[in-house]
Structure formats: structure tokens, C-alpha cells
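Fold and geometry: a report
If you want the building blocks of each chain, they are given just below.
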Amino acid sequence: MRTIITIEARMRSTRLPGKVLMPILGEPMLYRMIERLRRVRRADGIVIATTEHPADDPIVALAERVGVGCHRGSEEDVLARVLGAAQGAGADLIVETTADCPLIDPGVIDQLLDTFRTNKVDYCANVLAPTYPRGLDAQVFPTSVLADVASRTNDPADREHVSLYIYEHPERYRLLNVASGLPPAAGELRLTVDTPED
């Protein structure tokens, strides 16, 4: 299965505008995240899912500079944007991530991919129960499952939160959560950059 990591990224975040290109040690946060995702051994590529808004032109420029794929789509319909990014990259399997996780752990993603591939499930993630620090979030599901979701719902909440419909319908999709094995307090830690406080 061709496995592609998608990164949802845009400049017009409401809580912290421009966060994805804020500098960390001399490079944009998104660059630092890409550095880490390139260490995922079980993935075949990375594609940024950004919007058609001109404010996101610098994200496209960064993708070109570092040599990763980039897909532009709707700002509001994030589901369609990620689906378009995955289909454009020829993905059979999607690893969904968001661009505010510069400390994402490639080993955690490899574990999710291994778990997905050794179980008969439609969705494998580490977000259904908060046992990992926030910022190590990743969700794995086939492109065909996301295409099925896209055909079933036009609810704005489902279209904004890419995999919401999947894990809210366990009667339709086989779900599997991977726990961290860390002490319970780990799930309360924030290793994400979503607000000025972060």
C-alpha cells in the first residue's frame, strides 16, 4: 500500500495566525515538522494540504524548497482538501497530521502503521483516548475510507474535521486506538503549537 503522510497547513489560523511558518531554530515550524516526518520508515512520501488562499503561497514555496508535495484546496472543506492531496499523491493509505506538531515522533507513526497493517481495521490512531502528549497525534486510514466518508456527509463539522465522521461511526468503520503506555499525566501534556501560550 502506498502510504502518504498528509500535513494540514494554512496561514490563517484563528488562534495563532501564521503559526506554521513561525521560526524554530532558524527554520519555519513546518520545516521542522517535515524534518521529523521524513524519518518515518514506513511511509512513501509527504504532501502538504493547504488552501487556495493567497495567504498560503508561502507554504507552497516552502514545499517546493524542501521537495515535498503540495495540494491546494478549499479552506473550509478540509476533508476534501486532504482527500485531494492523498489522491493526487497516489496514496492507498493516509497518515493524517496537522502542521502545529513540530515535535511529532516518527517512531509513534511507524508504530501506528505497523498496528494498522497487522489488524483488520479501517482506522488506527492514538487520539481516541488521550494517552500521548498532544502534538504526537496521528491517524491512519485508507484513502478509500476517506472517499467513502466524503460521499456520505456534507455536515460542516465533518468537512472541517477530516476523520471525525470515521470515529463517530464505529458501527460502520472498524476502529483501533493505540495507547502510549506512559503514565496517565502524559495525556495532559502539550507538545503542540496552537496558541501564543504554546
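Computed from a prediction, not measured in an experiment: that's the story for all the values here.

One way to put it is that helix α1 (residues 29–37) packs onto helix α2 (residues 57–66) with a least axis distance of 11 Å and a crossing angle of 40°. In this view, α1 runs oblique relative to α2, as classed from their interaxial angle. Read as a crossing pair, α1 and α2 show a hand that is right-handed. Across the interface between the two elements, L30, Y31 and I34 of α1 pack against I59, L62, R65 and V66 of α2.

Time to look at the packing of aromatic side chains. Under the definition given, this model contains three aromatic pairs. Relative to Y173, the ring of Y165 lies with its centre 6.3 Å away and its plane at 70°, an arrangement referred to as edge-to-face. In this structure, Y165 and Y173 share a single accessibility class: buried. Taken together through their ring pairs, the aromatic side chains of Y123, F141 and Y167 make up a single cluster.

Right, let's talk about the pattern of salt bridges for a bit. Applying the stated criterion across every chain yields a total of 15 salt bridges. Of the charged contacts, one joins D57 and R72 as a salt bridge, the two residues approaching to 2.8 Å between their closest N and O atoms. One end of the pair, D57, is in helix α2; the other, R72, is in strand β5 (residues 69–73), and 15 residues separate them in sequence. Residue classification places D57 among the partly exposed positions, given a relative accessible area of 39%. Here R174 ties to D122 by a salt bridge, and the two come within 3.1 Å at their closest N and O atoms. With R174 in the loop between α7 (164–167) and β9 (175–177) and D122 in the loop between α4 (106–117) and β7 (123–125), the pair connects residues that are 52 residues apart, well separated along the chain. Overall, the relative accessible area of 13% leaves D122 in the buried class.

Attention now goes to the nonpolar core. Core analysis: the largest hydrophobic core is formed by 35 residues, its most contacted members being I7, L30, I34, L37, I48 and I109. With five residues, the single largest contributor to this core is α4. Excluding its chain neighbours within four sequence positions, the residues that come into contact with L37 are I5, I7, I46, T97, I104 and I109. Ranked by size, the runner-up nonpolar core spans 22 residues in total, among them I4, A49, L83 and Y173.

Quick notes on the rules
- Residues numbered from 1 in each chain as written.
- Predicted model: local features only at pLDDT ≥ 70, side-chain atom pairs only at ≥ 80, totals over all residues.
- Heavy atoms only, no water.
- Axes fitted to C-alpha atoms, helices over the stretch in contact; angles between N-to-C directions.
- Helix = DSSP H or I, 4+ residues; strand = E, 2+ residues; numbered from the N terminus.
- Parallel < 35°, antiparallel > 145°, perpendicular 65-115°, else oblique.
- Left-handed = near helix turned anticlockwise from the far one by under 90°.
- Contact = heavy atoms within 4.5 Å.
- Phe/Tyr/Trp six-rings, centres within 6.5 Å; stacked < 30°, edge-to-face > 60°.
- Buried < 20%, exposed > 50% of the residue type's maximum accessible area, 1.4 Å probe, protein only.
- Salt bridge = Lys/Arg side-chain N within 4 Å of Asp/Glu carboxyl O.
- Core = buried A, V, L, I, M, F, W, Y, C linked by side-chain atoms within 4.5 Å.

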